[in-house]
Amino acid sequence: QVQLVESGGGLVQDGGSLTLSCVASGRTFSNYAMGWFRQAPGKEREFVARITGSGASTGYADAVRGRFTISRDNAKNTVYLQMNRLKPEDTARYYCAADSLYSDMVVTSRMNYWGQGSQVTVSS
């Protein structure tokens, strides 16, 4: 089992920045690809960003590419999501996820482990 705990969400103005953190425990962190997903009210959960176990490769949804950056610190068992130039349409609950396959990280239904989520609200 892998336990994931997110933090760092909050209320920010249009154009502002936030950094989300997700601390993992339970298994060897570097063995897992990590990702961030989000879910807005009335919408399905969607992929945001992913990173390989080593941190060497990353991927982003088109809606956030160039504004968001995913990174990880395997010594701290932590994955981050730096969010810049935030927009009201980025408002959602953001979830951290872990899976053994990087290639699966874009598919919500294939994730093995989820955190409880952290709310991000961007005001216009």
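What you see is a predicted model, and the numbers here were worked out from it, not measured in a lab.

## Brief notes about the nonpolar core
Here is step 1 of the chain: By size, the foremost hydrophobic cluster in this structure holds 36 residues, and its most contacted members are L4, M34, W36, V79, L81, M83 and Y94.
Here is step 2 of the chain: If one sorts the elements of this core by residue count, strand β9 (residues 92–99) sits on top with five residues.

## Some remarks on unusual backbone geometry
Here is step 1 of the chain: If you check the backbone angles, N77 has positive phi at about 55° while not being a glycine.
Here is step 2 of the chain: Topologically, N77 is positioned in the loop between β7 (68–73) and β8 (78–83).
Here is step 3 of the chain: Phi at R85 takes a positive value of approximately 50°, unusual for a residue other than glycine.
Here is step 4 of the chain: In this structure, R85 sits in the loop between β8 and β9.

## Remarks on the state of the cysteines
As used here, a disulfide is simply a covalent bond connecting the sulfur atoms of two cysteines.
Here is step 1 of the chain: This model, assessed by the stated rule, comprises one disulfide.
Here is step 2 of the chain: Linked covalently through their sulfurs, C22 and C96 form a disulfide whose S-S length is 2.1 Å. Here the S-S torsion is close to -80°, and the disulfide linking C22 with C96 is therefore left-handed. A residue pair is termed long-range when its members are at least 10 positions apart, and C22 in strand β3 (residues 18–25) and C96 in strand β9 qualify at 74 residues.
Here is step 3 of the chain: Here C22 falls in the buried class, since its relative accessible area comes to 1%.
Here is step 4 of the chain: Exposure remark for C96: the relative accessible area of 0% places this residue in the buried category.

## Some remarks on the packing of aromatic side chains
Here is step 1 of the chain: A complete count under the given rule lists four aromatic pairs for this structure.
Here is step 2 of the chain: Ring centres 6.3 Å apart and planes at 90° place the aromatic pair Y95 and W114 in the edge-to-face group. Of this pair, Y95 sits in strand β9 while W114 sits in strand β10 (residues 113–114), and the two are 19 residues apart along the sequence.
Here is step 3 of the chain: Owing to a relative accessible area of 28%, W114 belongs among the partly exposed residues under this scheme.
Here is step 4 of the chain: An aromatic cluster of three or more residues is present, and its members are F37, F47, Y95 and W114.
Here is step 5 of the chain: One cation-aromatic arrangement involves R45 over Y95; the distance from NZ or CZ to the ring centre is 3.6 Å.

## Topic: the pattern of salt bridges
Opposite charge on two side chains allows them to pair when their charged atoms are near.
Here is step 1 of the chain: With the rule as written, the count across this model stands at five salt bridges.
Here is step 2 of the chain: Residue R67 pairs with D90 through a salt bridge whose shortest N-O separation is 2.8 Å. In this pair, R67 sits in the loop between β6 (58–60) and β7 while D90 sits in the loop between β8 and β9, placing the two residues 23 residues apart along the sequence.
Here is step 3 of the chain: A residue is classified by how much of its surface remains accessible, and R67, at 6% relative accessible area, is buried.
Here is step 4 of the chain: D104 serves as the salt-bridge partner of R110, at 3.1 Å between the closest nitrogen and oxygen.

What counts, and where the lines are drawn
- Residues numbered from 1 in each chain as written.
- Predicted model: local features only at pLDDT ≥ 70, side-chain atom pairs only at ≥ 80, totals over all residues.
- Heavy atoms only, no water.
- Core = buried A, V, L, I, M, F, W, Y, C linked by side-chain atoms within 4.5 Å.
- Buried < 20%, exposed > 50% of the residue type's maximum accessible area, 1.4 Å probe, protein only.
- Helix = DSSP H or I, 4+ residues; strand = E, 2+ residues; numbered from the N terminus.
- Disulfide = S-S within 2.5 Å.
- Phe/Tyr/Trp six-rings, centres within 6.5 Å; stacked < 30°, edge-to-face > 60°.
- Lys NZ or Arg CZ within 6 Å of the ring centre and 35° of its normal.
- Salt bridge = Lys/Arg side-chain N within 4 Å of Asp/Glu carboxyl O.

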